[in-house]
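# Survey of secondary and tertiary structure
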Amino acid sequence: MKEGQMSIMKRRLAGVPIVFIGFLVLTVFSATYAFAAINSQRESVDWIDPETGVVDIGKVPERLTVVNSDGERVGYMLSSNIVGPDAPRGVSEVFDFETDELVGHMVPMAGFTPLGQDPVYQSAIVTESTEGEGQVTTTIERWGPDGLIETTTTTTAKDAEAPAAE
Amino acid sequence: MKQRILLSMLVGWMLSAALIAGQASAHYIYETERVYSSDDECTDVRSEVSHGSDDIGYERVDVYSKGHFTFDCAGTIWKSVNEIKAAADFYYESGGDFYVCHYSSWSYNSSPGTTHAFAIDWIGASPQCGATEYKTLGWGYVQQDGGPYWLGGGAYSGSTGHDLPA
């Protein structure tokens, strides 16, 4: 290789680190920006004490992110619907993150229900029991896709209480 | 020297195996916390997340009405019908954060007592919100003795969630 050609090659190679550093800076910047964008829809959990797991009512955010049956973040609901002693805990409206438009509802025992669709209840056995003096009163509800199927209530001696499912 | 290295590796492998086996056999996760305490009354909440009878999810909340007898919050305080209430939120984990998947309505004690439990045992083929880690956020309140207020709060089932299948 001639000396002139070597000189040109060296100059070209000298620019490579600058291009590489520029590329690296851009990549890091893009990644940081993308991470921040994802984080803007992430749920802050600083309202729950990490040591005890107890909720600090004063720190609960106004909005709670909702996921559908596929685990996709579909919008937000107002925390006042389910947080605190006076929360109604009925059907809650779910709004779009960006436009605040209504996208569906959260229905107890059914979860997220998109706008215009009927709720599909998940099959379940719901047990409610109260421990009194020497006895336990137990109400068992059986739920199917169309909602509540049947309810039975029994009272048994305390020692006869059925063990919790695992 | 070589023997020491081999011995260390063996011990490390055994500890890791024991740890993994311990996690795999943990079919339920629960935590009991004092969510309210005053000079007169206390409220404890036990929140649980487990596999359930059909292996797709189980959530349970127990509410304890307590008072100061001899020791702090050592005794129980009797409550009339509809004076203890419980509710459960099912939180879905993604990327280290938790989102609302399901929540229940309020469950009230149907007979006089000191403890009220509410549990949902999901059955059938329906998944919750997909295969991932879940936590139960349990809410428990007790009607103030002779007063208008509900005394209690919310607590997570634990610092870590519970893996549930789709």
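Residues numbered from 1 in each chain as written. Chains lettered and ligands numbered in written order. Predicted model: local features only at pLDDT ≥ 70, side-chain atom pairs only at ≥ 80, totals over all residues. Heavy atoms only, no water.

## A short note on the overall build of chain A
The helix and strand tally for chain A stands at one helix and eight strands. Listed N to C, the secondary structure of chain A is α-β-β-β-β-β-β-β-β in terms of helices and strands. Across the 166 residues of chain A, 33% fall into the buried class. Considering only intrachain contacts with a sequence separation of at least 6, the fraction spanning at least 24 residues in chain A is 16%. Here chain A has roughly 10,600 Å² of accessible surface; of this, 57% comes from carbon and sulfur atoms. (Helix = DSSP H or I, 4+ residues; strand = E, 2+ residues; numbered from the N terminus. Buried < 20%, exposed > 50% of the residue type's maximum accessible area, 1.4 Å probe, protein only. Contact = heavy atoms within 4.5 Å. Areas by Shrake-Rupley, 256 points an atom, 1.4 Å probe, with all protein chains shown as cover.)

## Some words on the confidence of the model for chain A
Summary statistics for chain A give a mean pLDDT of 80 and a share of 68% for residues scoring 70 or more. In the predicted structure, residues 32-42 of chain A sits below a pLDDT of 50 and forms 11 contacts with residues beyond four places in sequence or in another chain. (pLDDT = per-residue confidence, 0-100.)

## What to know about the pattern of salt bridges
Residue and element names in this part refer to chain B. Following the criterion strictly, the structure yields 10 salt bridges over all chains and no others. Note that Asp145 is salt-bridged to Lys79, the shortest N-O span being 3.2 Å. Here Lys79 lies in the loop between strand 4 (71-76) and strand 5 (84-94) and Asp145 lies in the loop between strand 9 (132-143) and strand 10 (150-156), a separation of 66 residues in the sequence. Salt bridges linked by common partners bring Arg46, Glu48, Arg60 and Asp62 together as one network. (Salt bridge = Lys/Arg side-chain N within 4 Å of Asp/Glu carboxyl O.)

## A look at the state of the cysteines
Residues and elements named next belong to chain B. Following the criterion strictly, the structure yields two disulfides over all chains and no others. Here Cys42 pairs with Cys73 through a disulfide, and the sulfurs are 2.0 Å apart. Linking Cys42 and Cys73, the disulfide has an S-S dihedral of approximately -75° and is accordingly described as left-handed. Linking Cys42 in strand 2 (residues 41-50) with Cys73 in strand 4, this pair joins segments that are 31 residues apart in sequence. Cys101 shares a disulfide with Cys129; S-S distance 2.1 Å. Disulfide Cys101-Cys129: torsion about the S-S bond near 95°, hence right-handed. (Disulfide = S-S within 2.5 Å.)

## Observations concerning the interface of chain A and chain B
When the parts come together, some accessible area is lost, and that loss is often what is quoted as the size of the interface. Counting residues at the interface gives 53 residues for chain A and 61 residues for chain B. Across the chain A to chain B interface the summed buried area is about 4,400 Å²; carbon plus sulfur atoms make up 55%. Between chain A and chain B we count one salt bridge in total. Residues Arg89(A) and Asp89(B) are paired through a salt bridge, measuring 2.3 Å at the closest nitrogen-oxygen approach. When residues in the side of chain A that touches chain B are grouped by element, the largest group, eight residues, is from strand 6 (residues 124-131) of chain A. In the side of chain A that touches chain B, the residues fall into 25 nonpolar, 19 polar and nine charged. Here strand 6 of chain A runs beside strand 8 (residues 115-122) of chain B; their pairing, made up of eight bridges, is antiparallel. Counted as the bridge partner of Ala124(A) is Trp122(B) from strand 8 of chain B. (Buried area = accessible area lost by both parts, 1.4 Å probe. Nonpolar A, V, L, I, M, F, W, Y, C, P; charged D, E, K, R; others polar. Pairing = 2+ DSSP bridges.)

## Some remarks on the packing of aromatic side chains
Residues and elements named next belong to chain B. The final tally for this structure, using the stated rule, is nine aromatic pairs over all chains. Consider the rings of Tyr92 and Tyr134, whose centres lie 5.8 Å apart with planes at 75°: the pair is edge-to-face. With Tyr92 in strand 5 and Tyr134 in strand 9, this pair connects stretches of sequence that are 42 residues apart. Residue classification places Tyr92 among the buried positions, given a relative accessible area of 9%. (Phe/Tyr/Trp six-rings, centres within 6.5 Å; stacked < 30°, edge-to-face > 60°.)

## Regarding the environment of Ile48(A)
Structurally, Ile48(A) can be placed in the loop between helix 1 (3-39) and strand 1 (63-67). On the accessibility criterion, Ile48(A) (7% relative accessible area) is buried. Contacts of Ile48(A), omitting those with residues within four sequence positions, involve Gly53(A), Val54(A), Val55(A) and Tyr156(B).

## Here's the deal with the pairing of strand 3 (residues 92-95) of chain A
On any regular strand, side chains alternate: one points to one face of the sheet, the next to the other face. All names here are of chain A. Sheet analysis places strand 3 next to strand 4 (residues 102-107), joined by four bridges and oriented antiparallel. Its bridge partner lying in strand 4, Glu93 is registered against His105. Linking strand 3 back to strand 4 in an antiparallel pair, the connection comprises six residues, with Asp100 at a positive phi of about 65°.

## Brief notes about the environment of Asp89(B)
Tracing the sequence through the fold places Asp89(B) in strand 5. Taking the relative accessible area as the measure of exposure, Asp89(B) reaches 0% and is therefore buried. Spatially, the C-alpha atoms of Asp89(B) and Tyr99(B) are 9.9 Å apart, while their sequence positions differ by 10 residues. Only 2.3 Å separates the side chain of Asp89(B) from the side chain of Arg89(A), close enough to count as a polar contact. (Polar contact = N/O pair within 3.5 Å; in protein donor to acceptor, adjacent residues only side chain to side chain.)

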